[in-house]
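# Fold and contact review
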Amino acid sequence: MSIHKIAKSLFLTAAVLLTVPFLAVAQQSESHMGKLTGHSDAGKQLYYRFCWGCHGFRGDGSGENWLATGNFPTEPYLNIQPRNFDAGVFKCRSTPTGTLPTDEDLYNSVGRGFVMTNMPSWISLTNQQRADLVAFIKSFSPRFRGEKPGDPINVPAEPMLTVESIKHGKELFQKLECWKCHGQEGRGDGPSASTLTDSNDNPIRPYNFAVGSRFKCGVTNGDLYKIFMTGLDGSPMPSFADVVKPVEAWDLVHFLRTLQVTYKSPELTLWESTKEGAQQIAASRVYGTPTGSGIKQ
Ligand code: HEC
Ligand code: HEC
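Residues numbered from 1 in each chain as written. Chains lettered and ligands numbered in written order. Predicted model: local features only at pLDDT ≥ 70, side-chain atom pairs only at ≥ 80, totals over all residues.

### Some words on the site of ligand 1
Stated precisely, the cut-off is as follows: Think of it this way: take the backbone, place a C-beta atom on it, and check whether that atom is within 6 Å of the molecule or strand, in which case the residue is near it. By the criteria applied, helices consist of DSSP H or I runs no shorter than four residues and strands consist of E runs no shorter than two, each listed in order from the N terminus. Under the scheme applied here, ten amino acids are nonpolar (Ala, Val, Leu, Ile, Met, Phe, Trp, Tyr, Cys and Pro), four are charged (Asp, Glu, Lys and Arg), and all others, including Gly, are polar.
Ligand 1 sits among 24 residues. The nearest are Cys51, Cys54, Phe90, Cys92 and Met119. Those elements that provide at least two residues to the shell around ligand 1 are helix H2 (40-55), helix H3 (103-112) and helix H4 (127-138). The greatest single-element share of the shell around ligand 1, amounting to five residues, is contributed by H2. Here the residues of the shell around ligand 1 are counted per class, giving 15 nonpolar, six polar and three charged.

### Comments concerning the nonpolar core
Here is the rule: As used throughout, a nonpolar core is a set of buried Ala, Val, Leu, Ile, Met, Phe, Trp, Tyr and Cys residues joined through C-beta atoms within 7 Å of each other. Residue burial is a threshold on neighbouring C-beta atoms within 10 Å of the residue's own C-beta, all placed from the backbone, with 20 or more meaning buried, 12 or fewer meaning exposed, and counts in between meaning partly exposed.
Grouped together as the largest cluster of nonpolar side chains are 26 residues, with contacts concentrated most on Leu224, Tyr225, Ile227, Ala249, Leu252, Val253 and Leu256. Elements supplying a minimum of two residues to this core: helix H6 (163-175), helix H8 (221-230) and helix H9 (246-259). Top contributing element to this core by residue count: H9, with seven residues. Counting 13 residues, the second-largest nonpolar core is a separate cluster that includes Phe85, Leu106, Tyr107 and Val134.

### Comments concerning the site of ligand 2
Not every one of the 25 residues close to ligand 2 is listed here, only the nearest: Cys178, Cys181, Phe215, Lys216 and Met237. The set of elements that each furnish at least two residues to the shell around ligand 2 consists of helix H7 (179-182), H8 and H9.

### Structural notes on the pairing of strand S1 (residues 30-33)
Note the following rule: Here the rule is simple: two strands pair whenever DSSP picks up at least two bridges between them.
Judged from the four bridges that link them, S1 and strand S2 (residues 36-39) form a sheet pairing that is antiparallel. The partner of Met33 across the bridge, within S2, is Leu36. Taking the residues that link successive antiparallel strands as the turn, the S1-S2 hairpin has two residues, and the phi of Gly34 there is positive, at about 55°.

### So, the packing of H6 against H9
Which entries qualify depends on this criterion: Here the axes come from fitting lines to C-alpha atoms, over the contacting stretch only for helices, and the angles between their N-to-C directions go from 0 to 180 degrees. Under this scheme an angle from 65 to 115 degrees is roughly perpendicular, one under 35 degrees roughly parallel, and one over 145 degrees roughly antiparallel; angles in between are oblique. Contact between residues is assigned whenever the C-beta positions, reconstructed from backbone atoms, fall within 7 Å.
Where H6 meets H9, the closest approach of the two axes is 7 Å, and the angle between their N-to-C directions is 90°. Between H6 and H9, the angle falls in the class roughly perpendicular. In this structure, H6 contributes Ser165, Ile166, His168, Gly169, Lys170, Leu172 and Phe173 to the contact, and H9 contributes Glu248, Trp250, Asp251, Leu252, His254, Phe255, Leu256 and Thr258. Grouping the amino acids of the contact of H6 with H9 by side-chain chemistry returns seven nonpolar, five polar and three charged.

This is the structure in structure tokens:
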């Protein structure tokens, strides 16, 4: 080997030795939730053990367990594609539509799982493991490198539940045309329901309130508030933050609870004690699943 060649190979070796650790460091990222700090290198190990079968080797939502909608002729709407982490678009956020979720939002989603979809709850992992996973899944999307999460929306304290509040919520459900997708009785069978597709061009159904108690994004009244004030990005469910005032949003929450006729809530009990409410509840027909499958149109 000539001196020239030796010098060249030494130079290349040095270049590789210098860049490899640099790249490895650059790819590491963290997540922060209260006192917890997640590390992507630990999250990576967990991801390739628990998540990639669905979310894909590259996090693009095309893991080998994902079967295209057509493969499930009987229950197409149950088969929502695993999230493509590359796009950095998430359904369950405390932040305004179009913005990135907080680390805490992602951490909560991983622990909660997505009801009526194939996304399991990972509550059996430790808090630290879920934090590490969040740090790693963020590393799939360039959005997290260039953008900060949105500022969480302000959720004012819930006002007292009254019949007037429920009635006003009912008016809003009409005025804001929630019924066009969700149907007058909230069974996920409005006139637009069968035409909706998500950001993967797969058919998706509006939520069927009549048979559901839980939501993808939580179970509490506060979670319900956030759902329509932030929207489920990547799905046809929009954000109404620009048209609904905070106090009105609580009225809508109170009314939506009365559509959940198979779930006993203070709202349902109060509404049932009125003549109008008792009639509405007695007349509601209950069938299908929370995601609208099984509904014939
Ligand atoms: C059996 C398949 C499956 C496995 C395994 C799985 N997921 Fe999912 N995941 C899904 C599906 C399907 C969705 C989309 C649900 C929807 O859009 O309604 C999803 C959505 C998500 C979301 C999106 C949250 C949002 O707000 O949009 C996150 C984050 C996530 N998964 C993290 C994980 C992590 C971390 C693991 C491993 C610990 C994991 N998933 C394992 C199927 C899976
Ligand atoms: C353009 C159609 C459309 C309109 C209009 C619409 N929704 Fe939705 N909504 C959807 C779809 C589709 C889903 C299911 C998304 C999913 O499963 O990912 C949904 C889901 C929901 C959920 C359940 C979310 C969860 O976490 O599981 C709630 C609550 C909801 N909508 C409330 C409302 C309210 C209140 C209005 C009116 C202010 C409204 N929607 C208007 C299409 C719509």
